[in-house]
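Working through the structure, step by step
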Amino acid sequence: SLRFEDITEKSGTAGRKDGWKTGVSVVDINADGWLDIYVCYSGLRDSTLRRNQLFINNHDLTFIDKAKEYGLDDSGYSTQAAFLDYDLDGDLDCFLVNHNLAGYQRKEASVMRNARDYNAGDKLFQNQGKSNGALPQFIDVSASVGIKGNPLGFGLGVMVSDVNKDGFPDIYVTNDYVEDDYLYINQKNGTYKDELRERISHTSYSSMGVDIADVNNDGLADIFTLDMLPESNSRQKLLLWADNWNTYQAQLQNGFWHANMRNMLQINQGNGGFSEIGQLSGVSNTDWSWGTLLADFDMDGYKDIFVTNGIGRDYTNADFIKYYDDAEANGSQKPLLEHLKQMPTSQTKNYIFKNNQNSNNATPQFTNAQKNWGFDEPTVASGCVSVDLDNDGDLEIVTNNLNEPSRIYQNTSQENKPTNFVKIKLKGSPMNPLGIGASITVKTNKNTQFQEVSPTHGFQSSSVGDLLFALPDDAKTCEIAIRWVDGKVQNLSKVSVNQIITIDYLKATKEIVELVPFINSILTTTESIDYQHVISSTNNFDRQIMLPTQYSYAGPKMAVGDVNMDGLEDVFICGTKEQAGKIALGQKGKERTTQFLNLTRRNSQIGNNQDAVIQDFNGDKFPDLYIANGNYANAQFTEQNDELWLNDGKGNFKQTPLPEDQINSLCVKALDFDRDGDMDLFVGGHIKPNHFPISEESFLLKNDGKVHFTKISLGDLGL
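The present account deals with the structure reproduced in this document. Nothing here was measured: the structure is a model prediction, and the numbers come from that model.

Reading the values: the criteria
- Residues numbered from 1 in each chain as written.
- Predicted model: local features only at pLDDT ≥ 70, side-chain atom pairs only at ≥ 80, totals over all residues.
- Heavy atoms only, no water.
- 1 Å grid on protein atoms, 1.4 Å probe; cavity = no way out; pocket = protein on both sides within 12 Å on 5 of 7 lines; lining within 4 Å.
- Points joined across faces, edges and corners; volume = space filled by probe spheres on them.
- Helix = DSSP H or I, 4+ residues; strand = E, 2+ residues; numbered from the N terminus.
- Nonpolar A, V, L, I, M, F, W, Y, C, P; charged D, E, K, R; others polar.
- Salt bridge = Lys/Arg side-chain N within 4 Å of Asp/Glu carboxyl O.
- Pairing = 2+ DSSP bridges.
- Axes fitted to C-alpha atoms, helices over the stretch in contact; angles between N-to-C directions.

Some thoughts on empty space enclosed by the protein
Inspection of the entire model under this criterion finds 3 cavities of 30 Å³ or more. Taken as a whole, the largest cavity spans an internal volume of roughly 50 Å³. Lining the largest cavity we find Gln 80, Leu 156, Gly 157, Val 158, Gly 209, Val 210, Thr 456, Gly 458, Phe 459 and Gln 460. Of the residues forming the lining of the largest cavity, the biggest block, 3 residues, is contributed by strand E9 (residues 155-161). Considered as a void within the structure, the second largest cavity measures approximately 40 Å³ in volume. Around the second largest cavity, the lining residues are Ser 25, Val 26, Val 27, Ala 82, Phe 83, Ile 436, Ser 454, Pro 455, Thr 456 and Ser 462. Among the elements of the structure, strand E1 (20-27) and strand E5 (78-84) are those that each provide at least two residues to the lining of the second largest cavity. For the lining of the second largest cavity, the element with the highest residue contribution is E1, accounting for 3 residues. Looking at the lining of the second largest cavity residue by residue, the classes come out as 6 nonpolar, 4 polar and no charged.

Okay, structure coming up:
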């Protein structure tokens, strides 16, 4: 069994008695080969009690605080520190995540975005190195290198990773409450730029913990962020949360990015951008989550996901909020503390997800393995690390828990089913002995795995250990490639499995290999069609709050055909009541000239085009245009009628009558269902306006060859 001795007090690392300790980071800050400990502080108390501490290892299991001497005794509201070599000068710098305690609102963003706040703003400390044998000195360079320091930030998590594969460390920061997350991309000139909006389409709303690792074994760093969306419907209804349409629109209008209250799994596309698949992969709902670890816990060669969970006092509980509001309204004289005692505790189970992906590189899918893997007991946990404590070739999980001892979850994978593995111990450069920032790729005949060295993992947590790679059962050897943070490389071939191998930086090639970001795309950007969709703002949720989505927004769809018979394909873009549909005429080049259809309508009503098809309906060999109209909200019956436009062969169209349908159409397809040589139509009904989930009828339009159509109802086929 695993046995540990608590040496906190006698080692001198207990910290200040009256201080509120937050995150911890393990690092060899003075490059003497011994691990040091950096501890963050926060809380509404005197700044002298908030100064972060740097415990330097005395090489005898005792430590001494040297934060002031190093320039790292910051007294802001700190959450966590991550150490990295951001400027590639060989020594380690420090990125410090802070948070505000003022409770700002998103409407205040415009006047505070560019401000700097000493206590709340994140900071980057550059290591100035040693001079004349003195200690390394750190200075705050945040403002000059592009790190945001406004008072809106509430940083809870930080990860360092080379997300764009250019050889320079990037930084992801999760922000709770008000501020957007930050994705700082290293500009390779000593500065950073927040490129989150250019690379990520939407994020978690109240972002908590974060981890970055390659979950699909494509050699690219993926990002997993946590939020607070419960799994069960009952808890979703019990907890008050701000993820509604009006709040969402307000945050966009106030300059914030797209965010939703759930976990986000961002898959790196290799072209600079990410695709979010949290719901698709089954990892979006883990309740009030704090820390996460992406690691291969079942030793199958694919990284699984662990999440800590729970809250001591659940202040979003709707029942408590009603209780407290009622007490206030009735003039209760109870002290606030007595009311808070009525606030429920949310003990929830930690989550662990098995990665079900195989070698075909399909979308990662995860299965909840809480029960089978030993996490079926409710708790309130936050910090977490993974490390091979018993040196048997699999990873244990350690969590710290509220008002109870920490827990160690011993991994019995190797005992139950021994698996081949290789452990890699790094002997880094003289000023970076742990090899922080290095990336390692291990290949076998069946798969390729990729890991980066970054000790900060899990909420307010950190660990240092050998890198563990699970290998196939039939593997005898593997290939190992390492790229050190300065660009030097080493390649090892035919490395025997089931061993610990030490890789020494001093044996790396002197040649610096510059990475060129890989563009993983089968499409290239060209001149786009000069068109912007215009539709009036509406909120379907105001009428039906339980709608699964907004059915008034469904386009614009497009139809393709050569309407002017010049041998080039043209594009009809569906329009709205605010902007009629357009045809973009094909040109012999990359550009397209966009022009409005010159339609002489039989009435003044212009509908919302839901779909369209270009096809020859009257047998004159010229492609005609059928437009399916519909509107979920506040539509007049005349706006719902579909349209048929006959083409004279020169791109001029004339409207011809159709049987009235007055339904909210969803789609239209042309086909010769009766095999009489002319094209008929299928029109699919959508949802009755403002009557979800009742659907409209669908029907066929039978063509007599002279564009006289007979309507054949197919009844209610569904949504």
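Once you've had a look at it, read on.
Here we look at the pattern of salt bridges
Between side chains of opposite charge, a pair can form as their charged atoms come close. Evaluated as defined, the whole model comprises 24 salt bridges. A salt bridge links Lys 148 to Asp 194, with the shortest nitrogen-to-oxygen separation between them at 2.7 Å. Placement of the pair is Lys 148 in the loop between helix H4 (142-145) and E9 and Asp 194 in strand E12 (residues 192-194), with a sequence separation of 46 residues. A salt bridge links Arg 235 to Asp 287, with the shortest nitrogen-to-oxygen separation between them at 2.7 Å. A residue pair is termed long-range when its members are at least 10 positions apart, and Arg 235 in helix H6 (residues 233-238) and Asp 287 in the loop between helix H8 (278-281) and strand E19 (289-295) qualify at 52 residues. Taken together, the shared-partner salt bridges connect Arg 113, Glu 179, Asp 180 and Arg 197 into one network.

Thoughts on the sheet that holds E5
If you walk across this open sheet you meet the 4 strands as E5-E6-E7-E8, and the pairing is antiparallel. Pairing within the sheet leaves two strands with one partner each, and these edge strands are E5 and strand E8 (138-140). Strand-to-strand twist in this sheet, taken as the mean axis angle between neighbours without regard to direction, amounts to 25 degrees. Across 3 bridges, strand E6 (residues 93-98) lies against strand E7 (residues 123-127) in antiparallel orientation.

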